[in-house]
Each structure stands twice: as structure tokens, then as C-alpha cells.
Amino acid sequence: MNILENLAFTDERPSVCPIYRSDKMNYFAIGLLHDQILKKHTANVTSLLTVLKGEVEFFINGETLHLKEFDTYEIPVQIEHEVKGVKEKNIFTIVQEK
């Protein structure tokens with residue numbers, strides 16, 4: 001599977017591409033266009049974000065983290081956060097333990 005080919009970038013909303021799901025983990029990719037926002041939400045399980053392409057701004061606890069290609073970030077459980085695309089096309093993956 002090619003993640004880039006399976007992300008349908010649109011102006012209306014972030015693109016999500018499921019990669020792998022089992023009873024122990026969930027692995028998916030998210031695509032954001034420039035200035036597109038993945039709205040505020042919380043993670044119910046341990047999650048690891050990895051930027052594959054572009055850059056994102058990650059907003060959490062009043063801070064802005066600037067994550068570039070190949071950066072990783074462990075998203076705290078039950079802490080509200082938001083993500084914004086910086087470049088023209090931005091892709092990051094999320095791995096969640098269940």
C-alpha cells in the first residue's frame with residue numbers, strides 16, 4: 001500500500017488513510033493541506049505521531065510544537081490537542097496501542 005496514493009486531499013476536511021488495525025493496535029495516516037486543521041480532540045490510548053512529509057504545528061497545553069519530517073511525538077492520553085498543516089501537503093502517521 002502506498003500511503004500518499006491513498007490519501008484524498010480536499011479543502012473540506014483532513015484526509016485519513018487506515019493502514020493497519022488489530023486487537024492490539026491501530027495504525028493510520030492523516031493528510032493536511034496548508035493551514036488545514038485537525039480540530040481539537042483527545043486520545044483515549046497511548047499514541048505516537050510521526051511526520052512523514054511536510055511539517056505540522058501541534059497545539060497542546062497552550063504550547064505550539066513545530067514538528068518536521070521524521071519527527072516523532074508521543075501524544076499524552078486524555079489531553080486535548082489540535083494539529084495544523086504548515087506546508088502544501090503534510091502527512092503524518094499515528095500508531096495507537098489498544
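Preceding this section is the structure that the text describes.
As the structure is a prediction and not an experimental result, all values here were calculated from the model.

1. Let's talk about the overall build of the protein
Here is step 1 of the chain: When its secondary structure is counted, the protein shows 1 helix and 9 strands.
Here is step 2 of the chain: For the protein, the N- to C-terminal ordering of α and β elements is α-β-β-β-β-β-β-β-β-β.
Here is step 3 of the chain: Its C-alpha atoms give the protein a radius of gyration of 13 Å, within 12% of the compact-globule value 13 Å for 98 residues.
Here is step 4 of the chain: Residues classed as buried in the protein amount to 37% of the 98 residues present.
Here is step 5 of the chain: Long-range contacts, defined as pairs at least 24 residues apart, comprise 63% of the intrachain contacts of the protein with a sequence gap of at least 6.
Here is step 6 of the chain: Entry remark: accessible area of the protein is about 6100 Å², with carbon and sulfur atoms responsible for 48%.

2. Details of the sheet that holds strand 2 (residues 25–33)
Here is step 1 of the chain: Taking strand neighbours across the sheet as the criterion, the 5 strands line up as 1-2-9-4-7 in an open arrangement whose pairing is antiparallel. Here the strands that pair on one side only, and so sit at the sheet edges, are strand 1 (15–21) and strand 7 (72–75). The sheet shows a mean angle of 20° between the axes of neighbouring strands, direction not considered.
Here is step 2 of the chain: Summarising the sheet, strand 1 and strand 2 pair through 6 bridges and their orientation is antiparallel. For Pro 18, the partnering residue across the bridge sits in strand 2 and is Phe 28.

3. Quick look at the nonpolar core
Here is step 1 of the chain: One finds Ile 30, Leu 49, Phe 58, Val 83, Phe 92 and Ile 94 to be the most contacted residues of the largest nonpolar core, which totals 15 residues.
Here is step 2 of the chain: Those elements that provide at least two residues to this core are strand 2, strand 4 (47–53), strand 5 (55–60) and strand 9 (89–97).
Here is step 3 of the chain: Not counting residues up to four positions away in its chain, the partners in contact with Ile 30 are Leu 7, Pro 14, Ser 15, Val 16, Leu 38, Asn 90, Ile 91, Phe 92 and Ile 94.
Here is step 4 of the chain: If you look at the next biggest cluster of nonpolar residues, it comprises 7 residues, including Phe 9, Cys 17, Leu 33 and Ile 91.

4. Regarding the packing of aromatic side chains
Here is step 1 of the chain: Inspection of every chain in the model, using the stated rule, returns 1 aromatic pair.
Here is step 2 of the chain: Where Phe 58 meets Tyr 73, the ring centres are 4.9 Å apart and the plane angle is 55°; that geometry is what we call tilted. Highlighted residues: Phe 58 in strand 5 and Tyr 73 in strand 7, separated in sequence by 15 residues.

What counts and how
Each chain carries its own residue numbering, running from 1 in the direction its sequence is written. Owing to the predicted nature of the model, reporting of local features is limited to residues with pLDDT of at least 70; listing and counting of side-chain atom pairs is limited to 80 or more, with chain, interface and lining totals taken over all residues. Computation of side-chain values: all heavy atoms of the structure, hydrogens and water removed. Only DSSP runs of H or I covering at least 4 residues are called helices, and only runs of E covering at least 2 are called strands; the numbering of each starts at the N terminus. Only C-alpha atoms enter the radius of gyration; for comparison, a globular chain is expected to reach 2.2 Å times N to the power 0.38, where N is the number of residues. Between buried and exposed lies partly exposed: a residue is buried under 20% and exposed over 50% of the maximum accessible area for its type, with that area taken using a 1.4 Å probe on protein chains only. Note on contacts: a residue pair qualifies if any of its non-hydrogen atoms lie within 4.5 Å across the two residues. What sets the accessible areas is the Shrake-Rupley method with a 1.4 Å probe; for residues, cover comes only from the shown protein chains. Note: two strands are recorded as paired if DSSP finds a minimum of 2 bridges between them. To define axes, lines are fitted to C-alpha atoms, for helices over the stretch in contact only, and angles between the resulting N-to-C directions are given on a 0 to 180 degree scale. Note on terminology: a nonpolar core comprises buried Ala, Val, Leu, Ile, Met, Phe, Trp, Tyr and Cys residues joined through side-chain atoms within 4.5 Å. Centres within 6.5 Å make a pair out of two Phe, Tyr or Trp rings, where for Trp the six-membered ring is used; the pair is then stacked when the planes are under 30 degrees apart, edge-to-face when over 60, and tilted otherwise.

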